Amino acid sequence: MKVILKLFGKDSDLSVLSVITVCTFVVLILILGDKFFSLNNLQSLAYQIPEFGFLALAMMLAMLTGGIDLSIVTNACLSGIIGAYFLTGAVFPLNSPAATSAAIVIAVITILAISIICGTLNGILIAKFSVPPILATLGTMILFSGIGMAITSGKGVVGFPEAFMKFGSGSVLNIPYIFILFVLAVIVMSILLSRTRFGKKIYLFGENFTALRFTGVNTERLIIAVYTIAGFLAGFAGIIIISRVNSARVGYGDTYLLQAILVAVLGGVDPYGGRGRIAGVMLGMCILQILQSAFTLFSFTPYTKRLVWGFILLLVMIINFIIEKRRTSAPKAAIKA
Amino acid sequence: MVMYSYLGQEAVTRLNQQACKSARDFLREVPRVEIFIEVHSVSGKYLQIPEGRLSILMDRTIVSANNITKSFVSVRALDNVSVSINRGEIRCLAGENGSGKSTFVKVVAGVLAPDSGEIVVNNNSYPKLTPIGAINEGIQVIYQDLSLFPHMTVAENIAMNKMVAVHKRLVNWDEVYRVAEEQLELIGHLLDLKAQVGTLSVGNRQIVAICRALSLNAKVLFMDEPTTALTQKEIDRLLSIVMDLKAKGLSIIFISHKLNEIFEVADYITIFRDGKKVGDFENKALDKKSLTYHMTGREVEYPRYRRVSNDDLPLLEVRNLTRNGNYKNISFKLQKGDILGITGIRGSGRSELALSLFGLNPPNSGEILVKGRPFNIKIPDDAVNQGIVLMPEDRQTEGLFLKKSLKENISSTILDRIKTKAGFIDRKKQEEIAAGSVKKLKIRTQSVDTLVRNLSGGNQQKTVLAKWVATGPELFILDSPTVGVDIGSKAEIYELIHRFASEGMGIILISDELEEILANCNKVLVMYAGEILEILTEKDLDKPDVGEHILAVMSRSRIVDSAEKFKNGEAIPR
Amino acid sequence: MKVRSLTRMEKYLLAIIAVYSVVVTIANPAFLTFETLLDMVRAASGTLILASGVLVVLISGGIDVSFTAIAIIGGYVSVRLMLSTGINSLLFASAISCLIGLACGLINALIIHCFHLPTLIATLGTSSVFYGVMTTFMGTKGVNASQMPSSMVDFGGCQLFVIPAKSGTTYGLTVFIIPVVIILIVTWFILYRTMLGRGIFALGNSEEAANRAGFNLLNIRLFIYSFMGVVAGIMGIVYVSEVRWVNPIALVGTELSIIASVVIGGAKLSGGEGTIFGTILGVLIIKLLNSTLVFLGLSSSWNDFFIGIILIASVAVTSYQARLKNRRDLIFTE
């Protein structure tokens, strides 16, 4: 109990967020009751979360360094598209179970490899050319989408083998494979950020990259690594996306970009960098997904959903502002002139 | 008044200036003078001035802040402070960090409202001012960051405040250029009106800031630490401008901690200490020692450093190091236990040299040998691996993570050394090292989790020291380590430097404060315009007039005489 | 009006456009015709109108991503109102659209100013809110060509002059050029001839310094975002007139590309810099690539690819140059 209190005490955003989550939960339980907690509903939640979750993790990583990665969605799509060609038998025919397995393995590796390359491109532009992250990733976002369009001419790549589809829709003990994968990723990222030197350096970079440079840390390598990992996570998102919709095409997931930023900010990530925890982002995601499925149950249109999200985003930021203002107007440690 | 509205603002200003000139001598003796102007009929198409007499009242005192008290939560920043600013004088506000001088300026400029007291300007008494109100009364402040618009032209920056104050909707570019040109002419320095301010040197930017302040008919000009970022030439230029403004009747108040400059330029020195005014002194009534005494309330003597180590192996040797545009042919040797001072005015290449030794400014040619072996230091990582560390000039942007805790700052340099077997960060070790550093360096803080931005300047600087000491460096380069640090912490930091050197570290101390160099170094390099002009050994530093000699070399004035005289052991005239 | 010298960015862009035009003409002489030019004008009109607003916002140091939402809301709502009230007047439609734009812009400004929110995220939020409010209250039924009010259809088809083409059809200079030119001139005037405009530049340079100089930041922000809103409203009308049907889910999603074209034109995201001519060139390049790659035999699927390349290349070059300069001057805080 004490540990939990200590956890919350340190980070006021986290506590505000948890309160909101709990409230939303409670309200929904009261209104929806059994319908919400049905196995069906929870399971469908568990299927929907990972796709977006990987993207949110990627966005969070970039934002911790004070930057942003606008290219994660098109990265995922592009990687998915290229990998999909192996799955449809366009590269080599899938006329035996061995060939199919090989194709799946090659496809997965290719997707991850492409996504890593894309992420590294971002990192190089930002670290070696000093391009502001928003511009660099805006450019690569358009570039990746462009490559995808050029390759597919807008048509989707369809026709994946059964075995691959099973990954996207299969489960063990009623828990989907992809959800387990996602939880693993969350645990790894969490440890990476809070317990390793690499993670420490990321937070320090976001707080003051000049000072970090003066500390002797190779900041260029650090940034390239960060955006590469972000790309890597986007690659996972790509795999999950194509295994869920059984096709790969440009333009899927356009709305995810803004949602990812939303979720990160909601989760306490400071857009200027240096602050933010996985736990917060996860809470933010939970709130969003819960609302999302609640809306479906209420039959809200996708636009009304966006309305609520936009409203919540503004509300949270305004509340943060008010809290911060109250905190600094009564200074405890007087700053001498 | 009828006459004023027909003559226009410029004529009034000129009239005021002339009146000032005539009145100044009188004002030395009496507090108020009335000037009568006889007007004979003047006629012109638009001019109609009635014949008769015009009188202008001139007071000696322009602004008088009386009994100002200001508190922040638990700290009394100003305690019943009264200061009068007279016409045509140059006054310096001196005092340590936290003494209240900056708060005082903010109160007079209308940025802060005092808890009690009054500000009297132009015979109007105000319990408090607003920024616009202060500007309207002729009070202008040039802050350290100058508050300019880097992507806009010189002309715009100068004329901007005036344009806004006049409330016009449309921009009259001809007017803008005219106002800017006028101000520049008044100052006597010409700049390209169409140049973008961001491309100008710091000195020229300051000129733009001064012009802007003057464009609104400033009567009192406050300048906060104006010479911090200037080269010697620019400092000279600034001081001549200040003298010129004084002759025109303006009063200039500057905040400075550079004792040499204070004595060179100020007519009066107002000393603050712990929120109270210690007193107003005439320049000639004070000297460095008494000034320091009033500022700190105690006699401060810094013990000299003497090298004790026996190990003469050169830790660092630099041969003919050159970086185009920064420095040329730098050669020197540094041994264990040496505290090598590198001094020179800004722009002499000293900080650039330090950055090169740390890998942030790779040299074009020359050699760096660490413990006898040559190394290429291309990035800070290389330097740190060799045991060379740097405490940078600007601790807030380059040295510290302000929003992080003491503990995190101290461990930021040793992240690779505090890992557990599993490769993660050893939290316990982190805590231990931080606590140890706090104790060793006497950092005053409630806990190692305090955010660094809440620490005082001295303690922040000690944190930067601790951060690097934790790595066990061989060579520690300190660039201006006591800027903005109170005298108490200063002494403690010097003590620490002596201790580190005695324990075998090699130290390079870069500073332009003579006292600091003399107290701490056993060897000194004097740089000017990128070259080493002179190397002073421990024996040289023992000679009596070494301080004056160094000053002379630094500013390259009378260098030939003083060098000869110095070598002969003769006294050097000031 | 004095003609100033071109900025470096503008020179690069002109060079790129020139080279590109030459290359394409060599590949396919049909490119360099009057018809192509007039088509381009029509294609670029809407974007140019929006880009003017975006330029003003960028110069002030902010980013607004809600303008496409405002534009389509303005267009859609005015058409629906026209249909339901029976008023068939272009003026009516424009007035409604601009009013909506104004209201949205004011809301943007107030939220950004009073709560000190970062502009990107704030407008992200308001974009969703505006859009959501519209779709919730007015639904998402499209309005197809046959239902469109005639005044708008006429507006869309109206041309300033007409030239018969070889194939028997005619082509001409779209009347959209009029609002485009007017808005560009007004934007230019505001930015370079009014104190308000100088205030916008000042704000983009340094908010603190602008405040100390006495600028009323609230007023400036209110203006900037309402200007963006009104301009977006105008574009909304132009857009629906041009495509002659209204699908409320169109346009949204293109905001980042429009911001990209203004950035290519030389405006800095950090604020304080940007020119009208540069913006025109930036939009022109994007539209050029979008519409004329067909002359090179490339399908439209290649558009984004080239745009991405150009954007990356231009920002990489300018950023790298700035980086070299900073390194030389030993500035480590960039």
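Residues numbered from 1 in each chain as written. Chains lettered and ligands numbered in written order. Predicted model: local features only at pLDDT ≥ 70, side-chain atom pairs only at ≥ 80, totals over all residues.

Novice: Tell me what's going on with the overall build of chain A, and back it up with residues and numbers.
Specialist: Secondary structure assignment for chain A yields 15 helices and four strands. Across the 337 residues that make up chain A, the buried fraction comes to 49%. A sequence separation of at least 24 residues applies to 79% of the contacts in chain A between residues at least 6 apart. (Helix = DSSP H or I, 4+ residues; strand = E, 2+ residues; numbered from the N terminus. Buried ≥ 20, exposed ≤ 12 C-beta atoms within 10 Å, placed from the backbone. Contact = placed C-beta atoms within 7 Å.)

Novice: Can you explain the overall build of chain B? Please cite residues and give values.
Specialist: The number of helices and strands found in chain B is 21 helices and 24 strands. Counting only residues that meet the buried cut, chain B has 42% of its 574 residues in that class.

Novice: Explain unusual backbone geometry to me, using residue names and the numbers behind them.
Specialist: Residues and elements named next belong to chain B. In this model, Asn67 sits at a positive phi of 50 degrees, which is unusual for a non-glycine residue. Counting through the fold element by element, Asn67 comes out in strand E5 (residues 61–72). Given 13 C-beta atoms within a 10 Å radius, Asn67 is considered partly exposed. Look at Asn329: it is not a glycine, yet its phi comes out positive at around 50 degrees. Within the secondary structure, Asn329 is located in strand E16 (residues 327–335).

Novice: Provide a residue-level description of the sheet that holds strand E19 (residues 373–374) of chain B, including the pertinent values.
Specialist: Taken in spatial order, the four strands line up as E16-E15-E18-E19 (chain B) in an open sheet, and their pairing is antiparallel. In this open sheet, the two strands that pair with only one neighbour each are E16 and E19 of chain B. (Pairing = 2+ DSSP bridges.)

Novice: I'd like a rundown of the domain arrangement of chain B, residues and numbers included.
Specialist: Taken as a whole, chain B is organised into domain 1 (2–59), domain 2 (62–296) and domain 3 (388–472). Averaged C-alpha coordinates put domain 2 of chain B and domain 3 of chain B at centres separated by 37 Å. (Domains from an automatic or database assignment.)

Novice: I'd like a description of helix H6 (residues 173–187) of chain B, backed by residues and values.
Specialist: Residues and elements named next belong to chain B. Taking 1.5 Å per residue as the helical rise, H6 with its 15 residues ought to reach 21 Å, and the 21 Å between its terminal C-alpha atoms agrees with that figure. What H6 keeps buried is the set Val176, Val179, Ala180, Gln183 and Leu184. Seen from one end, H6 has its buried residues packed into an arc of 130 degrees, which puts them on one side. Opposite its buried face, H6 presents the exposed residues Asp174 and Glu185, each directed more than 90 degrees away. Where H6 is buried, its residues contact helix H5 (154–165) and helix H7 (202–214). Backbone geometry just after H6 places Gly188 at a positive phi near 95 degrees. (Expected span 1.5 Å × (residues − 1). Arc of directions from axis to C-beta.)

Novice: An account of the interface of chain A and chain B is needed here, citing residue identities and associated values.
Specialist: Listed per partner, the contact involves 21 residues of chain A and 32 residues of chain B. Secondary-structure elements contributing two or more residues to the side of chain A that touches chain B are helix H10 (197–207) and helix H11 (209–214) of chain A. In terms of residues, the side of chain A that touches chain B owes the most to one element, H10 of chain A, which gives five residues.

Novice: Account for the confidence of the model for chain B, naming residues and giving values.
Specialist: All names here are of chain B. On average, residues of chain B score 81 in pLDDT, and 87% of them reach the 70 mark or higher. Predicted confidence in chain B is weakest over helix H1 (residues 2–7), with a mean pLDDT of 44, and strongest over strand E21 (residues 475–479), with 93. This model gives residues 557–562 a pLDDT under 50, and the stretch forms seven contacts once residues within four places in sequence are excluded. Long-range and interchain partners of residues 570–574, a stretch whose pLDDT sits below 50, account for 10 contacts in this model, where long-range means more than four residues apart. Predicted as a complex, the structure gets a pTM of 0.83 and an ipTM equal to 0.83. (pLDDT = per-residue confidence, 0-100.)

Novice: Account for the nonpolar core, with residues named and values stated.
Specialist: Grouped together as the largest cluster of nonpolar side chains are 346 residues, with contacts concentrated most on Leu55, Ala56, Ala58, Met59, Ala264 and Leu313 of chain A together with Ile477 of chain B. For this core, the element with the most residues is helix H12 (residues 219–245) of chain A, which contributes 16 residues. Look past the residues within four positions of Leu313 of chain A in its chain and what remains in contact with it is Leu262, Val265 and Leu266 of chain A together with Ile121, Leu124 and Gly125 of chain C. (Core = buried A, V, L, I, M, F, W, Y, C linked by C-beta atoms within 7 Å.)

Novice: Explain the interface of chain C and chain A to me, and be specific about the residues and the numbers.
Specialist: The figure often quoted for interface size is the accessible area lost as the parts come together. Every contact between the two is made by 44 residues of chain C and, on the other side, 40 residues of chain A. Where the side of chain C that touches chain A is concerned, the elements lending two or more residues are helix H5 (119–138), helix H11 (255–264) and helix H13 (303–328) of chain C. By residue class, the composition of the side of chain C that touches chain A is 25 nonpolar, 16 polar and three charged. (Nonpolar A, V, L, I, M, F, W, Y, C, P; charged D, E, K, R; others polar.)

Novice: Please provide a residue-by-residue account of the packing of helix H5 (residues 72–87) of chain A against H12 of chain A, values included.
Specialist: All names here are of chain A. At a closest axis distance of 8 Å, the pairing of H5 and H12 adopts a crossing angle of 55 degrees. Comparing the axis directions of H5 and H12 gives the class oblique. The interaxial crossing formed by H5 with H12 has right-handed handedness. Here Ile72, Asn75, Ala76, Cys77, Ser79, Gly80 and Ala84 of H5 come into contact with H12, specifically with Ala230, Gly231, Ala234, Gly235, Ala237, Gly238, Ile241 and Ile242. Class assignment of the residues belonging to the contact of H5 with H12 gives a composition of nine nonpolar, six polar and no charged. (Axes fitted to C-alpha atoms, helices over the stretch in contact; angles between N-to-C directions. Parallel < 35°, antiparallel > 145°, perpendicular 65-115°, else oblique. Left-handed = near helix turned anticlockwise from the far one by under 90°.)

Novice: Any chance you could break down the packing of helix H6 (residues 97–128) of chain A against helix H7 (residues 133–152) of chain A for me, citing the residues and the numbers?
Specialist: All names here are of chain A. Contact geometry of H6 with H7 gives a least axis separation of 9 Å together with a crossing angle of 145 degrees. The two elements H6 and H7 meet at a crossing, and its hand is right-handed. Touching Cys118, Leu121, Asn122, Leu125 and Ile126 of H6 are Pro133, Ala136, Thr137, Thr140 and Phe144, all from H7. Taken together, the residues that form the contact of H6 with H7 break down as seven nonpolar, three polar and no charged.

Novice: For the sheet that holds strand E9 (residues 124–126) of chain B, give the residues involved together with the corresponding values.
Specialist: All names here are of chain B. Spatially, four strands are ordered E6-E5-E8-E9 in an open sheet, and the strand pairing comes out antiparallel. Both edges of this open sheet fall to strand E6 (75–86) and E9, since each of them pairs with a single strand only. Adjacent strand axes in the sheet meet at a mean angle of 15 degrees when their direction is disregarded. Bridge count for strand E8 (residues 116–121) against E9 is three bridges, and the pairing is antiparallel. What sits directly across from Val121, in E9, is Asn124. Contacts between helix H3 (residues 101–108) and the sheet are confined to E5, E6 and E8, with E5 contributing the most and set at about 120 degrees to the helix.

Novice: Could you give an account of the pairing of strand E11 (residues 220–224) of chain B, with specific residues and numbers?
Specialist: All names here are of chain B. Within E11, five of the five residues are buried, leaving the element largely enclosed by the surrounding structure. Covered by surrounding structure in E11 are Val220, Phe222 and Asp224 together with Leu221 and Met223, the residues of both alternating faces. Looking at chain direction, strand E10 (residues 139–142) and E11 are connected through four bridges and run parallel. Bridged to Ile139 within E11 is Val220. Read as a crossover between parallel neighbours, the route from E11 over helix H8 (residues 232–247) to strand E12 (residues 251–255) is right-handed. (Right-handed = clockwise from strand over helix to strand, strands pointing away.)

Novice: Can you explain the pairing of E16 of chain B? Please cite residues and give values.
Specialist: Across six bridges, strand E15 (residues 314–323) of chain B lies against E16 of chain B in antiparallel orientation. Residue pairing in the sheet places Glu317 of chain B in a bridge with Lys333 of chain B of E16 of chain B.

Novice: Summarise helix H16 (residues 457–469) of chain B; cite the residues concerned and give the values.
Specialist: Residue and element names in this part refer to chain B. With 13 residues, H16 should reach 18 Å at 1.5 Å per residue; the first-to-last C-alpha distance of 18 Å fits that figure. Among the 13 residues in H16, 12 count as buried, and that is most of the element. Taken residue by residue, H16 has Gly458, Asn459, Gln460, Gln461, Lys462, Thr463, Val464, Leu465, Ala466, Lys467, Trp468 and Val469 as its buried positions. Check the buried side of H16 and you find it contacts strand E20 (388–391), helix H13 (395–399), helix H14 (406–411), helix H15 (427–441), E21 and helix H17 (487–502).

Novice: How would you sum up the environment of Arg277 of chain A? Please name residues and give values.
Specialist: Mapped onto the secondary structure, Arg277 of chain A falls in the loop between helix H13 (254–266) and helix H14 (278–298). Along the primary structure Arg277 of chain A and Phe236 of chain A are separated by 41 residues, whereas in three dimensions their C-alpha atoms are 21 Å apart.

Novice: Any details on the confidence of the model for chain A? Residues and values, ideally.
Specialist: Residues and elements named next belong to chain A. This prediction gives chain A a mean pLDDT of 83; 89% of its residues lie at or above 70. Of all helices and strands in chain A, the one with the weakest mean pLDDT is helix H1 (residues 2–10) (50), whereas H12 scores best (94). Every residue in residues 6–10 is under pLDDT 50, and counting partners more than four places away or in other chains gives three contacts. Residue range residues 330–337 is modelled with pLDDT below 50. Its contacts to residues more than four positions away, or to other chains, number 13 contacts.

Novice: An account of the environment of Ala529 of chain B is needed here, citing residue identities and associated values.
Specialist: All names here are of chain B. By secondary structure assignment, the location of Ala529 is in the loop between strand E23 (523–528) and strand E24 (531–536). The exposure class of Ala529 is partly exposed, given the 15 C-beta atoms found within 10 Å. Measuring from C-alpha to C-alpha, the distance between Ala529 and Phe332 comes to 17 Å, with 197 residues separating the pair along the chain.

Novice: Run through the environment of Glu242 of chain C, naming residues and quoting values.
Specialist: Residue position: Glu242 of chain C is located in helix H10 (residues 217–243). With sequence-adjacent residues up to four places away left out, Glu242 of chain C is seen in contact with Gly46 and Gly156 of chain C.

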